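Each chain, letter by letter, is given below.
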Amino acid sequence: MRKWITIAMLLVVGLWWLHPMSGLAQSGRQRPAIRPRPTEPEKQPAEKTPEKAPEPSAEPNTGAIAAGGQIVKRAFDPKTATMRFLLKNGLTVLVREKYARPMVAIAAYVKAGRLNEPEGSWGVAQLVQRLLLHGTTRRPKTQAVRELRMLGGVFDAHTADDHTVYRVALPAEKARQALDILADMLQQPAFDPETIKRQAELLWQEYDARQNDLATQASSAVAALAMPGHPIARMPAIESLRAIPVEAAVAFYQTHYRPGNVILSLVGAVNPFTVIEPIQRGYGAWPIVELSPQPAEHRLQKSQGGEQKAETTAQETRVSRQESSPMNPQPAIQLAAPPRPQSEEQTATGNQLRYDRKEMAIDQALLTVGYRLDAIEPSDRAALDVLAAVLGLGQMSQLQHELQSVLSAPATLTRLTLSRAITGESRAIELWLFQCWAPPRQFNAAELAFFNLIQRLRREFISPGQLQRAQSLLERQFYDRRAMLHDEAAELAQAEAVMGEYQEADRFVERIRSVTAEQVQRVAAKYFMLTNVAIYEVLPPGLSAPGTTAESIANWLTKQIPGIDKPVEAGRAASSPAMPFIRQGQRARPTDETEAMLFSLQPEPIRNYSVLRGSRAYVREDRARPTVAIGLFFQGGRLFEEAANNGITELMLRAMARGVKSKWNPETGAPIERGDEVAVSGDMLAIQLEQLGAELHIVNEADFFGFILNVLSRNQEQALRTLVDIIERPTFEEANVNHARAALLSEIRRRGPQPRQLAWQALLGSHPYGLPRLGQAQVVQALTAQQLRAWRERTIGQQFPIAIIVGDTDGSILVSNVIGREFRRQETDRTFRAVIPSPPAQPREQAQADNTLSALTVGFLAPQNKMDEHDVFDVIQQLMSGAGSRLTDQLCGESTLAYHAEAIYEPRLLSGGFFASLLLRPEHDAPARDVLEREFNRLVAEPIGDDELALGVNSAVSAHAVRLDQHVARVLAYTRRIFLNGQPADVDAYSERVRAVTKEKIRAVAGQYFKWTQRGVGVVRKP
């Protein structure tokens, strides 16, 4: 039957294709709407609540379609159900239909970012992005963002090196209204001088705090070394942020925010025929920009210091407005042409290694290495993606595996795209940054190990196991990104902008799977030349180093690693040591992607597959993508810790994954007789999981703990067996415990004091909820393997796990074949004893010093597991947090007291917490507290307005829906509900409950819990 329906649909599409282009808006109305099946039965509310606020009253634009809104090109891809339109004014529109959920995401992708900033206007790109959220000619201040949130929109915006994106995810039926609001934001920014001044001040505060981070400083320094003459090499002119003139912001906007430089991408339960006409009307009058036929001239000159400097001479461009409309009343304007990305010749560094160093009083030495990859050929792109995964993705990446014995913290790999191939006009330039911390005595060994690794990758073919590990992890990452509609919308727009066709984003897995070990070796040998490297070291004084200049470092490396300074001859590569090769499973997928998209079943309701006298198990089948998340959890852990063993749960979980006695043959997966179990190291466990495309998440919450396995669905049973080994048969060998302890202590030191944890401690004192999640360093240092074994027996050994399975699965089979058979308990402990905390009688404060952060958190104890009040707190969180909220407007809008403000609600079994957290400068601490006191007291004393109720309720519903698109997040949501004495199905009924929240309930809850005299305060101050 489905085959005939599919054929009928394709015939409809074919008939539509024959219609004349000029009649698109009319013909679109004749296309049969594909009505998605609702996720749950539609229900009429039992009672209309008059308190519910109206939606934004501004009607979408219904005027005539301007000449710029005429469609000059269109294309339909039936395989992915995606329409591409090109308007006459240059705006590109992508619409992809996906009906699994009644949501739509809209991304406005602007092809301009930090690298497009003119000399002397550092930071203007991000400033313009902020200004578009703070007032238009139709909507003052943050009204535009507030209206999006009132519609149920989850909104965000960010500025990258080469682009800026504005994204919103919201209910599909609100798409037309959201498009109108976004059109207003993009085309009619107010550029109020006072707003520019405030936002520039906040941007300065944010960047000033970021520059206190030593790793950030080192990354900027190595970029400047590697790319002289490129905009990325400009050192941040932080102080100039405060003085960016209005004219600079307007000029950047006028130059880059033009329809030909923007891609509008929609993904979700939306028919292109219902949205293209509003887009034509709302965006058609955007000015058409005609760039001068002569491109901007770039010249490289030698500065007095001998470095190359880029100089841009921009020629004027013309703007011809087709028609004016009420939305676009401004007169024609003159724009300056944007500078082109610099070519590889302009960023050349003279074919030599570059080096610099800095000495300062630090406990750990910091190594940062930058490789400049010039003129990347499109055919090398997939192999470079795999090479990056081989190097830096996962626990068993080459960086982690090679350097773990000498490092105090995990090594990181970051790829910065400096310019990319745009419809074939230029080749890409990238900067790869490697960074790691190492004990001073082992610093030279770590540096040498890193370059030895690079040389091996240049001279050796990676093994089939290494290749499979990288490809599987990249494949799962791709599907995880596609879980979020707003991520997919932005990804399609980026592919369209960079490669000229959005379909390139869909071919990612296909390209990755076609990469061979020979291709990986070839691109490593081609791009990882010693002449392309820049090294920046931050060292404690007096540390002996192999060199202090670029020449001495280069001589040391060439002496220690023969051939590192020479090209690798073709055909001379050898095979690298083999990594065990784990067999992949198989799982049938729809052969026709169009059929899968149009007729895929909605996710099934969560079902209870609990085992009699065994584990409680719940399964939610969702075939939208080929991944599955499996969680196994136990009650207690941190809830039963005390100051003397704080951190034991976290260390136990980490040590469990460092070595097991497995009952399955690692080669075949066949069960092994009892008594003949095979010892499997932590490295081998990680290899097994990563080759299966799996990622293991440690969960250590206040009321429960365990693991979540996120894996490609074809490998779910093999990966689950490995997880069962970790839980049921850990060895806790001394060496493994020491390894886990060292990593945990390093993370505790890196994280430093956390203001919200300090607020919990101020509220609760010595109660387990007030103890740090990772533990206290001195306690963790003293924990022994014997203590970990005893703690596991007391917690895991006395309970059956609660199993939650979400995704592309026949979960009942996993429950019966693995979970029901593998978890056996002689006796279980069902007793539960804990002290219920009470709020402090008077305000209490915990403060610590930190070199990189100044933060303030004020918290209040929330209810003891009152389900209806949990939903009220979620609504209050949305009222107080996010763009257009009370805290953000008051602290980051009307004033400049904080550069970040958010409200956070943490539900817990015995007593939750509600927190307001600020990042701010130390001198703003006192006035910021005054604002917090006023806002919490106002919430208690005054009823909220109708529009605020709509914002809080609709935002909470949509934020919940967007978050749960990720399988791992849904597993955690189900689990939290269970350990709050609820049912997993409560998570799926969230919308109904939240829509019952009223203004009276909000005021009552605020009055009961937000008592300023019973607050707990956590403060982190710069010394």
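This text goes with the structure placed above it.
Residues numbered from 1 in each chain as written. Predicted model: local features only at pLDDT ≥ 70, side-chain atom pairs only at ≥ 80, totals over all residues. Heavy atoms only, no water.

## So, helix α5 (residues 175-187)
Now for step 1: Compared with an ideal rise of 1.5 Å per residue, which puts 13 residues at 18 Å, α5 spans 18 Å between its outermost C-alpha atoms and is within 8% of the ideal.
Now for step 2: A large share of α5 lies buried, amounting to 12 of its 13 residues. (Helix = DSSP H or I, 4+ residues; strand = E, 2+ residues; numbered from the N terminus. Expected span 1.5 Å × (residues − 1). Buried < 20%, exposed > 50% of the residue type's maximum accessible area, 1.4 Å probe, protein only.)

## Digging into the side chain of Q466
Now for step 1: Looking at where Q466 falls in the secondary structure, it is placed in helix α13 (residues 464-482).
Now for step 2: Overall, the relative accessible area of 10% leaves Q466 in the buried class.
Now for step 3: Of the polar contacts made by the side chain of Q466, one reaches the backbone nitrogen of S463; its length is 2.8 Å. (Polar contact = N/O pair within 3.5 Å; in protein donor to acceptor, adjacent residues only side chain to side chain.)

## Quick word on the packing of aromatic side chains
Now for step 1: Scanning the entire structure with this criterion turns up 29 aromatic pairs.
Now for step 2: An aromatic cluster of at least three residues, connected via ring pairs, comprises F860, F873, Y905, F914, F936, Y1009, F1010 and W1012.
Now for step 3: The ring of Y769 carries R908 above its face, with NZ or CZ at 5.1 Å from the centroid. (Phe/Tyr/Trp six-rings, centres within 6.5 Å; stacked < 30°, edge-to-face > 60°. Lys NZ or Arg CZ within 6 Å of the ring centre and 35° of its normal.)

## Overview of the nonpolar core
Now for step 1: Ranked by internal contacts, the top residues of the largest apolar core, which has 67 residues, are Y371, L387, L391, W432, F434, F451 and F528.
Now for step 2: Setting aside residues up to four positions removed in sequence, L391 forms contacts with S397, Q398, L399, L413, W432, F434, L453, I454, L457 and F528.
Now for step 3: Residues M83, W122, A178 and I279 belong to the second largest nonpolar core, which totals 63 residues. (Core = buried A, V, L, I, M, F, W, Y, C linked by side-chain atoms within 4.5 Å. Contact = heavy atoms within 4.5 Å.)

## Re the sheet that holds strand β25 (residues 695-700)
Now for step 1: Here we have six strands laid out as an open sheet, ordered β20-β21-β27-β22-β26-β25, and mixed in their pairing. Both outer strands of the open sheet, β20 (607-608) and β25, are each paired with one neighbouring strand and no more.
Now for step 2: Sheet topology places strand β22 (residues 627-635) next to strand β27 (residues 802-807); six bridges connect them, and they run antiparallel. Paired with V628 across the bridge in β27 is G807. (Pairing = 2+ DSSP bridges.)

## Looking at the pattern of salt bridges
Now for step 1: Scanning the model with the defined rule gives 72 salt bridges in all.
Now for step 2: Among the salt bridges present, the one from R84 reaches E496, with a minimum N-O distance of 2.8 Å. Within this pair, whereas R84 is found in strand β2 (residues 82-87), its partner E496 is found in helix α14 (residues 485-499), the two being separated by 412 residues in sequence.
Now for step 3: Between D871 and R993 there is a salt bridge; the shortest N-O distance is 2.9 Å. Placement of D871 in helix α28 (residues 867-880) and of R993 in helix α34 (residues 990-994) is noted, with a sequence separation of 122 residues between them.
Now for step 4: Classification of R993 as partly exposed rests on a relative accessible area of 24%.
Now for step 5: What you see here is one network of salt bridges that share partners, running through R96, K98, R481, R482, E488, E491 and D506. (Salt bridge = Lys/Arg side-chain N within 4 Å of Asp/Glu carboxyl O.)

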